[in-house]
Amino acid sequence: MVMLLIALTLLSSVIYLPVSVQAAPSISTHAEAAALIDVRSGRLLYSSQGDKSMRIASLTKIMTAIVAIEHGNLSSTATISKNAFGKEGSSIYLKLNEEMSLQHLLYGMMLRSGNDAATAIAEHVGGTLDGFVYLMNEKARMIGMEHSSFKNPSGLDQENHYSTANDMAKLTAYALRNPVFQEIVKTKVKKAPNPNEAWDYTWLNKNKMLNLYEGADGVKTGYTKLSKRCLVSSATRNGQQLAVVTLNDSDDWADHSKLLDYGFKNYPLQTYVQKGDVIQGTEYVAGASFAYPVLDGEKAQVTSKLDFNSQDSIYFRMGELGKQQFLLNGKSIGSVPIYMKDSPRLKLKESSAFSFTETGIGEVSVMDRWLFNLHFLVRVLFMGNTD
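Residues numbered from 1 in each chain as written. Predicted model: local features only at pLDDT ≥ 70, side-chain atom pairs only at ≥ 80, totals over all residues. Heavy atoms only, no water.

Q: Go over empty space enclosed by the protein with me, naming the residues and quoting the values.
A: This model, assessed by the stated rule, comprises two cavities of 30 Å³ or more. Roughly 30 Å³ of volume is contained in the second largest cavity. Every residue lining the second largest cavity is listed: Arg-55, Ile-56, Ala-57, Gly-155, Leu-156, Asp-157, Gln-158 and His-161. The residue makeup of the lining of the second largest cavity, split by class, is three nonpolar, three polar and two charged. (1 Å grid on protein atoms, 1.4 Å probe; cavity = no way out; pocket = protein on both sides within 12 Å on 5 of 7 lines; lining within 4 Å. Points joined across faces, edges and corners; volume = space filled by probe spheres on them. Nonpolar A, V, L, I, M, F, W, Y, C, P; charged D, E, K, R; others polar.)

Q: Give me a nonpolar patch on the surface: which residues, what numbers.
A: Residues Ile-314, Tyr-315 and Met-318 make up a contiguous nonpolar surface patch of roughly 350 Å² in combined accessible area. Inspection of the secondary structure assignment puts Ile-314 in helix α11 (residues 314-317). (Patch = residues over 30% accessible without salt bridge, like charges linked within 9 Å, V, L, I, M, F, W, Y side chains within 5 Å. Areas by Shrake-Rupley, 256 points an atom, 1.4 Å probe, with all protein chains shown as cover. Salt bridge = Lys/Arg side-chain N within 4 Å of Asp/Glu carboxyl O. Helix = DSSP H or I, 4+ residues; strand = E, 2+ residues; numbered from the N terminus.)

Q: Before we move on, could you go through the layout of surface pockets and cite the residues and values that matter?
A: The space that makes up the second largest pocket amounts to roughly 200 Å³. Along its surface, the second largest pocket is lined by Ser-58, Ser-90, Ser-113, Lys-206, Thr-221, Gly-222, Tyr-223, Arg-229, Cys-230, Leu-231, Asp-252 and Trp-253. Those elements that provide at least two residues to the lining of the second largest pocket are β7 (216-224), β8 (228-237) and α10 (252-266). Here the lining of the second largest pocket is built from residues that sort into four nonpolar, five polar and three charged.

Q: Mind laying out the pattern of salt bridges, listing which residues take part and the relevant values?
A: With the rule as written, the count across this model stands at eleven salt bridges. As a salt-bridge pair, Glu-298 and Arg-43 come within 2.9 Å of each other at their nearest N and O atoms. Taken together, the positions of Glu-298 in the loop between β12 (290-293) and β13 (302-308) and Arg-43 in the loop between β1 (31-38) and β2 (44-48) put the pair 255 residues apart, joining distant regions of the chain. Exposure class is identical for Glu-298 and Arg-43. Each is buried. (Buried < 20%, exposed > 50% of the residue type's maximum accessible area, 1.4 Å probe, protein only.)

Q: Quick rundown of the sheet that holds β13? Include the residues and the values.
A: Strand order in the open sheet formed by four strands is β11-β15-β14-β13, with antiparallel pairing between adjacent strands. The open sheet is flanked by β11 (284-286) and β13, the only strands paired with a single partner. Averaged over all neighbouring strand pairs, the angle between strand axes comes to 35 degrees, with direction disregarded. Here strand β14 (residues 322-328) pairs with strand β15 (residues 331-340) via seven bridges, running antiparallel. When the bridges of β15 are listed, Leu-327 appears paired with Ser-332. (Pairing = 2+ DSSP bridges. Axes fitted to C-alpha atoms, helices over the stretch in contact; angles between N-to-C directions.)

Q: Account for the packing of helix α2 (residues 60-71) against helix α5 (residues 115-126), naming residues and giving values.
A: The N-to-C vectors of α2 and α5 enclose an angle of 35 degrees; their axes lie 10 Å apart at closest approach. When the axes of α2 and α5 are compared, the crossing they make is left-handed. Here Lys-61, Thr-64, Ala-68 and His-71 of α2 lie close against α5, whose contacting residues are Asn-115, Ala-118, Ile-121 and Val-125. When the residues that make up the contact of α2 with α5 are grouped by side-chain class, the tally is four nonpolar, three polar and one charged. (Left-handed = near helix turned anticlockwise from the far one by under 90°. Contact = heavy atoms within 4.5 Å.)

Structure, rendered in structure tokens:
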């Protein structure tokens, strides 16, 4: 009888215990801190000491590049100042008063890690170094980098200049959604006009992952004596792009290959709805596609529900009936708008990949974005920089 009661108790506990999300397989690296992120969804797939504040060396230039791309005119011409010309550390050897387009400066900075290029970019886009650093920190705040502080555009060691593996993963996922940034960081060799010599500049990308790993398409190397080896890499396979961040890693090339393999194997993208699909049990259709990386054991934990807009709302009047929300183990992981089958909204391109609500990385209110743009405009007006 006692054994029967024990068996019944165990059986009932199995029946009534909630289904738990499958734990990911364990993995380790040589890094002091590391993070792995799915670029499309923004889901953090792996993190080790991911929120530890650390020096990030030239990984800083990821932020410099995306701020310059978003706020600068790529075809505009920057003049190399004395400050940029004399910048210590890695360089593309720009001459004093030399002129170069912002686009070419970005290639020189990202492929060769030129601190002179980074300084020239910052002065050109921000008016002053301080003005540009302000933009860097505002961008960090907007995309949810809660443990980061930028003091310069190059990544040279400086007090209170730091970030974390998790924050840099968020930044990288955000930046890789920009097609200009994506094109720059995957370029292996770039030529640029050289006004000082009879031959062009030729820049070879320092990122060995572009040749070491199948599908590699970015992103940035970094090193100082204090930060040690830092690396951000990305790769795309079967339509899925992953990014890895390691800080102070003595074996970073091998660790990045291992982490990318780990992500592609254990967290493949699962497509839950395609744009135009009829939502089961309704007359409505999905206004966008939605895919999310999940473990095999998590597939059963993904559910969806419909949230309808008020008929008095501006969204409803513009044809958006509501949203289909997707949840993993009860927590929201994303959504798509829902329309009537004949809605003209279906003929429009899907919402920008840069919208904060879609990326899930640092959701920001309209007011925050408006204030950010206002702050930038004020600085432009006072500094006289119109590019």
